[in-house]
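Chain by chain, the residues run as shown.
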Amino acid sequence: MSVDASITVDSVVVEHQTSSGPVRALNGVSFTVDSGSSVAITGPSGGGKSTLLGVIGGLALPTSGSVRIGDSEISELSERDRSDFRRAHVGFVYQADNLLPFLTLLENVGLQLALNGTPSGTGRSLAVLANLGLAGLAYRLPDHLSGGQRQRAAVARAIVHQPAIILADEPTGALDAANAVGVIDLLLGMQHEIGATLIMVTHDREAAGRLDRQIHLRDGRVS
């Protein structure tokens, strides 16, 4: 990890234009996250949680306000610079594992390193898969795995480049209780191992309670 992993969200507003006028998905959201800590974003559906995660990760820009990761003001970067920053310093985990079906687990994980210009990432990819209990499945295609195995592979892909920030959007939403606990164990374990900051959107109260703190979002505001 090569950047400060603290996060500052300052007065962020996100508006979407509709036929009936602008709709605010986020309405003046402000908070800070200490480097290396973990935060659960909770709240009802439609409250702006996923929108907030996308703005923090530089996938979208706020209508107003700012997002800073360490010394970098993400909301002021060009689209190309945001893409470069995400690729190098952010790891994403989604409810759907989003693994490429025509690549093996090893290739899916190694693709993250290849995109960052790592000349030979096979050893590191295998080590991360082994650490997550997937060494024996490295050469299988995603369709040949269970949901829990696929989500563990998604975690491996998200952390193989040792990102400063891990952003997880309902990572256990499609899993049964046992696999959900296992994925949270992995996320927290990997977060501590690489010293990353973890922000997780979740409806799971038990999962949220395992993180350092919670931020509740309702109707686009911190409540």
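Bear in mind the structure is a predicted one, so any value in this text is a computation, not a measurement.

Trainee: Give a description of the packing of aromatic side chains that names residues and reports values.
Mentor: Per the counting criterion, the structure on display carries one aromatic pair. Here the aromatic rings of F92 and Y94 are separated by 5.9 Å at their centres, their planes lie at 0°, and the arrangement is stacked. By relative accessible area, which is 17% here, F92 ends up buried. A relative accessible area of 29% places Y94 in the partly exposed class.

Trainee: Could you give an account of the pattern of salt bridges, naming the residues involved and the relevant values?
Mentor: Applying the stated criterion to the full structure yields six salt bridges. The shortest N-O distance in the salt bridge between R150 and D97 comes to 2.8 Å. Of this pair, R150 sits in helix α5 (residues 147-159) while D97 sits in the loop between β6 (90-94) and α3 (105-115), and the two are 53 residues apart along the sequence. One exposure class covers both R150 and D97, and it is buried. Each of D97, D143 and R150 takes part in one network of salt bridges that share partners.

Trainee: With reference to specific residues and values, describe the sheet that holds strand β1 (residues 7-18).
Mentor: Spatial strand order, β2-β1-β4-β5: four strands in an open sheet with antiparallel pairing. Lying at the two open borders of the sheet, with one neighbouring strand each, are β2 (21-33) and β5 (72-73).

Trainee: Report on the nonpolar core, specifying residues and quantitative values.
Mentor: Among the nonpolar cores identified, the biggest contains 37 residues, and L132, V155, I159 and L187 are the most heavily contacted of them. Counting residues per element, the ones that place at least two in this core are α3, α4 (122-131), α5, β7 (165-169), α6 (177-194), β8 (197-201) and α7 (205-209). The element contributing the most residues to this core is α6, with eight residues. Those residues within four positions of I159 in sequence are excluded, and the remaining contacts are V128, I166, M190 and I194. Judged by nonpolar contacts, the second largest core, of 29 residues, contains V9, L26, I215 and L217.

The rules we used
Counting restarts for each chain, with residues numbered from 1 along the sequence as it is written. Per-residue local features are limited, in this predicted model, to residues with pLDDT of at least 70; the limit for side-chain atom pairs, both in listing and counting, is 80 or more; totals at the level of whole chains, interfaces and linings are taken over all residues. In computing side-chain properties, one takes all heavy atoms of the structure into account and sets aside hydrogens as well as water. Between the rings of Phe, Tyr and Trp (Trp by its six-membered ring), a pair exists once the centres lie within 6.5 Å; its type follows the angle of the planes, with under 30 degrees stacked, over 60 edge-to-face, and the other angles tilted. Only protein chains enter the accessibility calculation, which uses a 1.4 Å probe. A residue is then buried if its area is under 20% of the maximum for its type, exposed if over 50%, and partly exposed in between. Should a side-chain nitrogen of Lys or Arg be within 4 Å of a carboxyl oxygen of Asp or Glu, the pair is scored as a salt bridge. A run of DSSP states H or I qualifies as a helix once it reaches four residues; a run of E qualifies as a strand once it reaches two. Both are numbered from the N-terminal end. Here the rule is simple: two strands pair whenever DSSP picks up at least two bridges between them. What makes a nonpolar core is a set of buried Ala, Val, Leu, Ile, Met, Phe, Trp, Tyr and Cys residues whose side-chain atoms join them at distances within 4.5 Å. Two residues form a contact once any of their heavy atoms are found within 4.5 Å.

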